[in-house]
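Listed below, chain by chain, are the residues.
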Protein chains: 6
Amino acid sequence: MTTFHQPVDAAEVPRFAGHSTFMRLPAVPTAEGLDIALIGIPWDGGTTNRAGARHGPREVRNQSSLMRAAHHASGIAPFSIAHVADVGDLPVNPINLLDGLKLIETGMAQIAATGALPLSCGGDHLTTLPVLRALAKSGPVGLIHFDAHSDTNDSYFGDNPFTHGTPFRRAIEEGLLDPHRIVQIGIRGSVYEPGEHDWAKAQGIRIIYMEEFVRRGVAEVMAEVHSIVGDRATYVTFDVDSIDPSMAPGTGTPEIGGFTTREAQQMVRLLAGVNIIGADVVEVAPPFDLAGMTALVGATMMFELLCVMADLVDRRR
Amino acid sequence: MTTFHQPVDAAEVPRFAGHSTFMRLPAVPTAEGLDIALIGIPWDGGTTNRAGARHGPREVRNQSSLMRAAHHASGIAPFSIAHVADVGDLPVNPINLLDGLKLIETGMAQIAATGALPLSCGGDHLTTLPVLRALAKSGPVGLIHFDAHSDTNDSYFGDNPFTHGTPFRRAIEEGLLDPHRIVQIGIRGSVYEPGEHDWAKAQGIRIIYMEEFVRRGVAEVMAEVHSIVGDRATYVTFDVDSIDPSMAPGTGTPEIGGFTTREAQQMVRLLAGVNIIGADVVEVAPPFDLAGMTALVGATMMFELLCVMADLVDRRR
Amino acid sequence: MTTFHQPVDAAEVPRFAGHSTFMRLPAVPTAEGLDIALIGIPWDGGTTNRAGARHGPREVRNQSSLMRAAHHASGIAPFSIAHVADVGDLPVNPINLLDGLKLIETGMAQIAATGALPLSCGGDHLTTLPVLRALAKSGPVGLIHFDAHSDTNDSYFGDNPFTHGTPFRRAIEEGLLDPHRIVQIGIRGSVYEPGEHDWAKAQGIRIIYMEEFVRRGVAEVMAEVHSIVGDRATYVTFDVDSIDPSMAPGTGTPEIGGFTTREAQQMVRLLAGVNIIGADVVEVAPPFDLAGMTALVGATMMFELLCVMADLVDRRR
Amino acid sequence: MTTFHQPVDAAEVPRFAGHSTFMRLPAVPTAEGLDIALIGIPWDGGTTNRAGARHGPREVRNQSSLMRAAHHASGIAPFSIAHVADVGDLPVNPINLLDGLKLIETGMAQIAATGALPLSCGGDHLTTLPVLRALAKSGPVGLIHFDAHSDTNDSYFGDNPFTHGTPFRRAIEEGLLDPHRIVQIGIRGSVYEPGEHDWAKAQGIRIIYMEEFVRRGVAEVMAEVHSIVGDRATYVTFDVDSIDPSMAPGTGTPEIGGFTTREAQQMVRLLAGVNIIGADVVEVAPPFDLAGMTALVGATMMFELLCVMADLVDRRR
Amino acid sequence: MTTFHQPVDAAEVPRFAGHSTFMRLPAVPTAEGLDIALIGIPWDGGTTNRAGARHGPREVRNQSSLMRAAHHASGIAPFSIAHVADVGDLPVNPINLLDGLKLIETGMAQIAATGALPLSCGGDHLTTLPVLRALAKSGPVGLIHFDAHSDTNDSYFGDNPFTHGTPFRRAIEEGLLDPHRIVQIGIRGSVYEPGEHDWAKAQGIRIIYMEEFVRRGVAEVMAEVHSIVGDRATYVTFDVDSIDPSMAPGTGTPEIGGFTTREAQQMVRLLAGVNIIGADVVEVAPPFDLAGMTALVGATMMFELLCVMADLVDRRR
Amino acid sequence: MTTFHQPVDAAEVPRFAGHSTFMRLPAVPTAEGLDIALIGIPWDGGTTNRAGARHGPREVRNQSSLMRAAHHASGIAPFSIAHVADVGDLPVNPINLLDGLKLIETGMAQIAATGALPLSCGGDHLTTLPVLRALAKSGPVGLIHFDAHSDTNDSYFGDNPFTHGTPFRRAIEEGLLDPHRIVQIGIRGSVYEPGEHDWAKAQGIRIIYMEEFVRRGVAEVMAEVHSIVGDRATYVTFDVDSIDPSMAPGTGTPEIGGFTTREAQQMVRLLAGVNIIGADVVEVAPPFDLAGMTALVGATMMFELLCVMADLVDRRR
């Protein structure tokens, strides 16, 4: 592979034309030869209330046709410095939770085996668990986690251990994450009980509630994030419900008082320097979306993550 | 119980006021003493494409506030001749398919044990399977099935036997339905293969495709329905996707060319005389609905079924 | 006035341009010199459930920009045979029911005094009462009434006599309508009690329920309508909820199983020959509408009525 | 009453299941024994433009199913320290303004007589007038008023004194409010005339316009609020149009440039220490809402108010 | 090419997964080797009022994921008897009308050169003009035209000859169509003047207005259609606004009183035997659509046309 | 003209009543005698992706019925100090780009000739080019440009020089704008290439990216704006996509991370003192809007601009 995949140019082919892929990149059958693989994970089998994130990848692809080739602030032109393409959707099973988890893990493991960094689009937040199972083969990794919810609950509806409210508890139990290298930012909204986050804190997870974020500001918070994850392998997971529901209404568990997109963009840009082994944007639920607004946020946050990751690839080369 | 439950009167309390229950009836904790129990089954664990029927009961209850106390054409005043109330929702499990099936069966069995006829609101069409398990304890029953789809496929996504495309195959295999006393009306839409319905027909199921329905008309079709099910125990299941998507867009698997609501109302009214042991309206999926239109169709079809069932109760008394 | 007002031509000025008036006609300050006055009555003070018809005139005007200058089936070119214009909205009072009724009556009386035939756009169905008060000065008139509801109830919420469920009872009591020259077509939907329509029938009102309409067909029904109203003065009132909710969702009290627009258009065209003294289209409620669909139905039904009325004007000249 | 009412637990019964009540609490027939009564007031009889707040309580109840049992920032678990339940909707009259006012006052007086603190959900802002009539029996009270509008106009449409633009002028005239203990925060949007607020200011009302709020910030403004109302009886009224229309589009009189929900949440949390005798959230108008967004804001602001009020109850015990 | 392209099977890969193509078929770079090419023409440069059909192909592709592999009524399995695939979108120019026409003609000519029958998805109705220019190289062809409008006007906005209201006048003038072999079905809606269709009729076009269609019925009308076009080369064009706006609201020029989808499906099935050289479905305008309803109608009508065309291919083989 | 045109008073005629004009002002046939002319330019012929701004003026007029007579913060009562009215829409041509540009220029020139300051509502951003052609007759003017995009690209789709992405490059080339007196504020979103803005900067345009705006704040940025444009003739153009998509979703090219309406209002108020020769609000695209939200932003920003312009008129008098 000697030339870089380029997105279709909107000054030649209008944005509404052509097949819909992530960032208008070519759809390729495999991640072989890619630096960064854009992946859909259309699965919401862990959703306890409003399902719909299964439709996320299609609509995020659709809205991503509004992306262009370079970043206006950082100047990064990701498609000129990294091999990037759309590798399609992982296999899923919408009616069988355990099979769904297994299919996603297997599919992601095949991509990881090529050496490409995965940047995926969910899907509900339970999809991050099988992704971590595929990526954290050589030991627990760090996690930068943007979300309204800690997602470290224990079980639901009797003793069901796998829901989109539990992935990070399971990931810690399974040795996929190093809890002292986990930071959660934007946590807010009513809780099941005052001590709901005690387990997470006891493990060593650093929870930065929205109130603290507002008080300290982006720069200070992100400095702490860097100090927590250091320079070892770190996964970045961006739950779109971290954003305020006015900007991202299409999600399963909205909580008012969220990040503005400006704040989210600033934070993601400040991930530069983190040793990112993969990233995802999850919980875009089109059936609850308005005019594609949330899918556009999802697509843009993927573009922001892509720029940071492409820069990382470029610096390492 | 000596007096009948009455709905809240909209000439006294406006329709937008008060808690939302089916037909503005009292919410009661048990079916004891009822002739007909109105039940929600908020579960769509069997949905292979667009989930959302889990939200059906709440929105059907909401739109059912437009119902009044008597039927304008038949003159039946169901709440004056039968004890009817809203017994709430059955327990469900949104993330565990097998537990979901079990919970619904158990919940429905408790209602059936009281002698009340169940009139339930799904939920996806897989909910009808555990309902039949609870009701067909003394042998296979007949089925009058309004739908765009036969729902007699074998399995999905590998070997998963339980989806909303398979309930009636499973019910026949489990001895819950007598295939020679099954009639399916309104079947249409593209099929997986030309022989998709061969198994069903081989069992003895009578499929009346939309084209035959249009050709023969309501009266002739319903006469045949009566001759098929006879006077033995029969369950009635009404999938809202039998109705045209312009009238019922809020459903998971729309197929154009469907019944008009007029036709559906005429057919349900002609169920008078059938030995109905229970009925349901399923596949109302509010996240895909427009302005409550589909939920209103669902609520009205429940009211139409209720009038026929109340009349049956009254005649037997 | 020697030349006829012409609508703006969409082949010269696109439909989305220019101020929004009924049928793109000039807005004029008075009905003086007009044969037919197009009028808005933005008032829903009688609405017992879902208000919103107050916004009807504005959206019907908006959608009426899709109308053109001649009728494709009858060949009638209303603007070439009658003086027609948009005289604006009558004064209303959204928070004072009795003042609202009075303002509408006064406003309509001023228009009637000019000799112009009023074709108005509501507003809820209670608006027809003050309109009749203004028009039926010389004795009771006949009524052709398209609706899902008889609107002849007695009172609501205690002893409140004026709601959109009572106008025709009040109009009969006040001697504005001759009950033996009233015909209601399309009545359907559940009723408060089996005898809800007994009073109306006892007065002599002919109710043609939807079921009878379906059985007998447009031609036969409309022949009976002519025989009922004869050649004396008759008002025509078209409640958009007579149309099926799939075609007219934007209304306060939808009832499934309604007229198709085709049927409604056929019926209105067969009003040719009736001695129409005025007409209205009511209960278009934009806050509940979808994509202007109901307002388009309202605008088109106004155009259909206008063609019949212009033809009447032309024949009399 | 020895145990506290608890909301249905979403880890046991999913949020979409069960009857819809405020915060998933039990629906109880009376406020007897409650510390705080959650109440619906489905009435918008005073609305001068876009009606729809009559539908507010139902949709706020619906969205309140997203609330959980404790506050993530303050740690307050309201249902464990106060007796709280949903007492249903007050009687209303949608077509008779004066009767509506009387019914609301009477209904609220019955609740107040039990000693429970009312936390109600409107309804338009005129509903606050009869609520104050019921609560301010022993003399004028203070008012903390979040709103885009001062609502102290004199009359509309002739001499109609009661609209949602006039309640606080009437309340002052009736001796229900002490104008020197009224503070209005967030006022903005164009005005009828430059001196529109002169009367209010002359009475002693402190108006904090949005511009001053932005300049001074939440902490300083809320400190002044406390100094204005002091420790005497104070009512809190939260008009959802104080929030920006992007976050709360479903309201009758939107004005751009509003509070963010973050700011609103911060302000309500800083009400701790105020002697609250009752509170309301008004002007949620579902027909103009998008995806339940405004109703979710309404439900969350009710939860925020509830936490402050429950803490007050707990401290007094 | 020895094996047929097959759509992705929804019993293996759920409908919401994978890239979106027409009928879930492979996206191929060229029509070489195909019997039937599915093509998008995302262009609405001729739209005089509500633009948006440029977005049609993407949304029709999206909704076509609901199609399956065989026709339930005819038994035709198009993908097993014809080589069919999605060849992508033709090049277009959204801001230059004449360049747009040229690009479409050139693109379609390349496809036609391969011998594949084109089945395209517009785009507004002006797209049919360059398609005919590409297909009618050897002399005028016949036209079966389903539409609410005749589209044979002369010019707009001064002397602009090319709009979506003029394509068939231009095509006749250019010798692309034989006017005596043109039949237009479903024409309705108000007209610019009583004689608007005189030119078309004078050329020999047979216009079957909606009223005649309703009177005579599908079978009789379609028999006449066959007699008009005979067995010579014929193009089929299906304007989605021929369908009633309740079923197809997402279109630029809706006219009430349209075809039901049932009627449309019956008519298209009765095209069997016509010598179809190409077909299109046009005027699906997603920005005006509701819940994908119109795109689903468009996708299903494409599937109906595909079955007839595949059968034609198969019979000729 | 001795008295000022006044808007209809909403305390007398409710906001939903009456014909829809900008700010409820009289519709007048000419700008003669006006100080400020409110104008619609319903044209989006330059739109490269999502058309719809052609519908902008109608919906902005509709939402402007929420405006009142005075500014709450500045105290300016524009209708009492300046002659203002709605002069209707300029002629346009939706299917012919060059004719469209010419018609707009001619129409605007006629208004300019009266001496009235134009305040127009687009339409897409290409409309500003013919407006500048009409206004900058005596030499290049300055420009204050609020936008997410620089709109200084060169050409699209081959060599097409006129799109809504190119107006200000053309205007500089044509000598209509002095590039050293151009300031663009709010620029953001991905770019076609890292050097996309090099040409603009080389001309002397000052681009204040969103990041710089956030860092420096409104006051500092607006001080620089004043220093750039000085006291010579300056045009103000406000693209609604400068606002965040959560507040203004109804636009063709949304970019997340935009201005809040608060910020935009603050900036426009700080235009006091600028020598404004005309202004516009563009790119409101109703087909993509939600609940009129964007049109309300557009109407309010027009009101904000109007107050500044009326004050300018008043000070000069």
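What you see is a predicted model; the values in this text were computed from it and never measured.

(A) Representation of the overall build of chain A in the model. For chain A, the helix and strand inventory stands at 10 helices and eight strands. On C-alpha atoms alone, chain A measures out to a radius of gyration of 18 Å, which is about the 20 Å that the 2.2 N^0.38 rule sets for 317 residues. With the C-alpha coordinates aligned to their principal axes, the bounding extent of chain A is approximately 55 × 45 × 40 Å. Within chain A, the proportion of its 317 residues that are buried is 73%. Looking at chain A alone, contacts between residues at least 24 apart form 77% of all its contacts between residues at least 6 apart. As displayed, chain A has an accessible area near 8,800 Å², and 51% of this comes from carbon and sulfur atoms. Charge-centre separation for chain A: the mean point of 24 positive side chains lies 4 Å from the mean point of 37 negative side chains.

(B) Highlighting the interface of chain D and chain F. On the side of chain F, 33 residues touch chain D, which itself brings 33 residues to the contact. Summed over both partners, the interface of chain D with chain F comes to about 2,500 Å²; 60% of that surface belongs to carbon and sulfur atoms. A per-residue breakdown of the area chain D buries against chain F is headed by Ser190(D), Tyr192(D) and Ile256(D), which together make up 27% of the total. Connecting chain D to chain F are three salt bridges.

(C) A look at the interface of chain F and chain A. Contacts between the two partners involve 33 residues from chain F and, on the opposite side, 33 residues from chain A. At the boundary of chain F with chain A, total buried surface from both sides reaches about 2,500 Å², with 61% on carbon and sulfur atoms. Between Arg68(A) and Glu255(F) there is a salt bridge, and its shortest N-O distance comes to 3.0 Å. In this structure, the connection of chain F to chain A is made through 12 residue pairs in polar contact (both at pLDDT 80 or more).

(D) Inspection of the environment of Pro254(A) at higher detail. Structurally, the position occupied by Pro254(A) is in the loop between β7 (234-239) and α9 (261-269). By relative accessible area, which is 7% here, Pro254(A) ends up buried. Note: C-alpha distance between Pro254(A) and Gly189(A) (65 residues apart in sequence) is 8.8 Å. When near neighbours in sequence (up to four residues on either side) are disregarded, Pro254(A) contacts Arg50(A), Pro245(A), Leu66(D) and Leu296(D).

(E) Structural detail: the confidence of the model for chain A. For chain A, the mean per-residue pLDDT works out to 97, and 99% of the residues sit at or above 70. Both scores are available for the predicted complex, with the pTM at 0.98 and the ipTM at 0.96.

(F) Representation of the pattern of salt bridges. Evaluated as defined, the whole model comprises 112 salt bridges over all chains. For Arg61(A), the salt bridge goes to Asp86(A), with nearest N and O atoms at 2.8 Å. Residue Arg61(A) is found in helix α1 (residues 56-63), and its partner Asp86(A) is found in strand β2 (residues 84-89); the two are separated by 25 residues along the sequence. Exposure class is identical for Arg61(A) and Asp86(A). Each is buried. With a shortest N-O distance of 2.8 Å, Glu173(C) and Arg170(C) are connected by a salt bridge. Here the residue Glu173(C) and the residue Arg170(C) both occupy positions in helix α5 (residues 167-173), the gap between them amounting to three residues, near one helical turn. Taking relative accessible area as the criterion, Glu173(C) reaches 48% and is therefore assigned partly exposed.

(G) Local environment of the side chain of Arg188(C). When you line up the elements, Arg188(C) lands in the loop between β5 (177-187) and α6 (198-203). Although Arg188(C) is buried, it makes no salt bridge; Asp244(C) carries the closest opposite charge, 5.4 Å away. In this structure the side chain of Arg188(C) is engaged in a polar contact, spanning 2.7 Å, whose partner is the backbone oxygen of Glu255(C). A polar atom in the side chain of Arg188(C) sits 3.1 Å from the backbone oxygen of Ile256(C). Setting aside residues up to four positions removed in sequence, Arg188(C) forms contacts with His72(B), Ala148(C), Met210(C), Asp241(C), Ser242(C), Ile243(C), Asp244(C), Pro245(C), Glu255(C), Ile256(C), Gly257(C) and Gly258(C).

(H) Spotlight on the UniProt feature "binding site: Mn(2+)" (unreviewed entry) in chain A. Residue and element names in this part refer to chain A. Look at the UniProt record and you will see "binding site: Mn(2+)" (unreviewed entry) annotated at His 125, Asp 147, His 149, Asp 151, Asp 239 and Asp 241. These annotated residues cover 117 residues of sequence, and their C-alpha atoms lie no more than 12.1 Å from one another, placing them together at a single site. By secondary structure assignment, the location of Asp 147 is in the loop between β4 (141-146) and α5 (167-173). Excluding residues that lie within four positions of it along the chain, Asp 147 makes contacts with His 125, Ile 185, Gly 186, Ile 187, Asp 239, Asp 241 and Ser 242. Side-chain polar atoms of Asp 147 contact the side chain of His 145, separated by 2.8 Å. Setting aside residues up to four positions removed in sequence, Asp 239 forms contacts with His 125, Phe 146, Asp 147, Asp 151, Val 282 and Glu 283. A polar side-chain atom of Asp 239 sits 3.1 Å from a polar atom in the side chain of His 125.

(I) Looking closely at the sheet that holds strand β5 (residues 177-187) of chain E. Residues and elements named next belong to chain E. Ordered by their spatial adjacency, eight strands build an open sheet running β2-β1-β3-β8-β7-β4-β5-β6, and the pairing between neighbours is parallel. Edge strands, defined here as strands with exactly one partner in the open sheet, are β2 (84-89) and β6 (206-209). Geometrically, the sheet is characterised by an average inter-axis angle of 15° between neighbouring strands, direction not taken into account. In this sheet, β5 lies alongside strand β4 (residues 141-146) in parallel orientation, the contact comprising five bridges. Bridge assignment links Ile 144 to a residue of β5, and that residue is Val 183. Packed on one face of the sheet, helix α8 (residues 218-229) meets β4, β5, β6 and β7 (234-239) and runs near 165° to β5.

(J) The relation of the copies chain F and chain A, seen in detail. For the pair chain F and chain A, the superposition axis carries a translation of 0.0 Å, the fit reaches an RMSD of 0.0 Å, and the rotation angle comes to 120°. Expressed as an axis order, the relation between the two copies is that of a three-fold axis. Identified as the residue of chain F closest to the rotation axis by C-alpha distance is Ser246(F), at 3.4 Å. Of all interface residues in chain F, a mere 6% are interface residues in chain A too; the two copies therefore contact each other through different surfaces.

(K) Local environment of the relation of the copies chain D and chain F. Rotating chain D by 120° and translating it 0.0 Å along the rotation axis places it on chain F, where the RMSD comes to 0.0 Å. Little of the interface of chain D is mirrored in chain F, where only 6% of its interface residues are also at the interface.

(L) Region of interest: the sheet that holds strand β5 (residues 177-187) of chain D. Residue and element names in this part refer to chain D. Pairing in this open sheet of eight strands is parallel, and the strands run β2-β1-β3-β8-β7-β4-β5-β6 from one edge to the other. Of all the strands in the sheet, the pair left with one neighbour each is β2 (84-89) and β6 (206-209). This sheet shows a mean twist of 15° between the axes of neighbouring strands, independent of strand direction. Strand direction decides the pairing type here: strand β1 (residues 36-41) and β2, joined by four bridges, are parallel. In the sheet register, Gly 40 faces β2, and the bridge partner there is Asp 89. Seen against the sheet, helix α4 (residues 128-135) touches β1, β3 (117-122), β4 (141-146), β5, β7 (234-239) and β8 (276-282) and runs at an angle of roughly 165° to β7. Docked against the sheet, helix α10 (residues 293-316) engages β1, β2, β3, β7 and β8, running at close to 175° with respect to β8.

(M) Representation of helix α9 (residues 261-269) of chain C. For α9(C), the buried fraction is high: seven of the nine residues fall into the buried class. Along α9(C), the residues that are buried comprise Thr261(C), Arg262(C), Glu263(C), Ala264(C), Gln265(C), Met267(C) and Val268(C).

(N) Quick look at the packing of aromatic side chains. Applying the stated criterion to the full structure yields 24 aromatic pairs over all chains. With 5.8 Å between their ring centres and 50° between their planes, Tyr156(B) and Phe157(B) make a pair best called tilted. We classify Tyr156(B) as buried; its relative accessible area is 5%. One aromatic cluster in this structure is built from Tyr156(A), Phe157(A) and Tyr192(A). Directly above the ring of Phe288(F) sits Arg50(F), whose terminal nitrogen or CZ lies 4.2 Å from the centroid.

(O) Seen up close, the packing of α1(A) against helix α10 (residues 293-316) of chain A. Residues and elements named next belong to chain A. Packing of α1 against α10 brings their axes to within 8 Å, and their N-to-C directions diverge by 75°. One way to sum up the angle between α1 and α10 is to call them roughly perpendicular. Facing α1, whose interface residues are Glu 59, Val 60 and Gln 63, α10 presents Ala 295, Leu 296, Gly 298, Ala 299 and Met 302. Broken down by class, the residue content of the contact of α1 with α10 amounts to five nonpolar, two polar and one charged.

(P) View of the arrangement of the chains. Across all C-alpha pairs, the smallest distance from chain A to chain C is 14 Å, and the two are not in contact. Considering only C-alpha positions, the minimal separation of the non-contacting chain D and chain E is 14 Å.

(Q) Focus on the packing of helix α3 (residues 97-113) of chain E against helix α4 (residues 128-135) of chain E. Residues and elements named next belong to chain E. Put simply, α3 and α4 touch, their axes get as near as 8 Å, and they point 40° apart. With respect to each other, α3 and α4 are oriented oblique. Handedness of the α3/α4 crossing: right-handed. For the pair α3 and α4, contact is made by Leu 101, Ile 104, Glu 105, Met 108, Ala 109 and Ala 112 and by Pro 130, Val 131, Arg 133, Ala 134 and Leu 135, respectively.

The rules behind these values
Residues numbered from 1 in each chain as written. Chains lettered and ligands numbered in written order. Predicted model: local features only at pLDDT ≥ 70, side-chain atom pairs only at ≥ 80, totals over all residues. Heavy atoms only, no water. Helix = DSSP H or I, 4+ residues; strand = E, 2+ residues; numbered from the N terminus. Rg over C-alpha atoms; globule rule 2.2 N^0.38 Å. Buried < 20%, exposed > 50% of the residue type's maximum accessible area, 1.4 Å probe, protein only. Contact = heavy atoms within 4.5 Å. Areas by Shrake-Rupley, 256 points an atom, 1.4 Å probe, with all protein chains shown as cover. Lys, Arg positive; Asp, Glu negative; His and termini not counted. Charge placed at Lys NZ, Arg CZ, Asp CG, Glu CD. Buried area = accessible area lost by both parts, 1.4 Å probe. Salt bridge = Lys/Arg side-chain N within 4 Å of Asp/Glu carboxyl O. Polar contact = N/O pair within 3.5 Å; in protein donor to acceptor, adjacent residues only side chain to side chain. pLDDT = per-residue confidence, 0-100. UniProt positions renumbered as here; feature names shortened; annotations may be inferred. Pairing = 2+ DSSP bridges. Axes fitted to C-alpha atoms, helices over the stretch in contact; angles between N-to-C directions. Least-squares fit on C-alpha atoms with pLDDT ≥ 70 in both. Phe/Tyr/Trp six-rings, centres within 6.5 Å; stacked < 30°, edge-to-face > 60°. Lys NZ or Arg CZ within 6 Å of the ring centre and 35° of its normal. Parallel < 35°, antiparallel > 145°, perpendicular 65-115°, else oblique. Nonpolar A, V, L, I, M, F, W, Y, C, P; charged D, E, K, R; others polar. Left-handed = near helix turned anticlockwise from the far one by under 90°.

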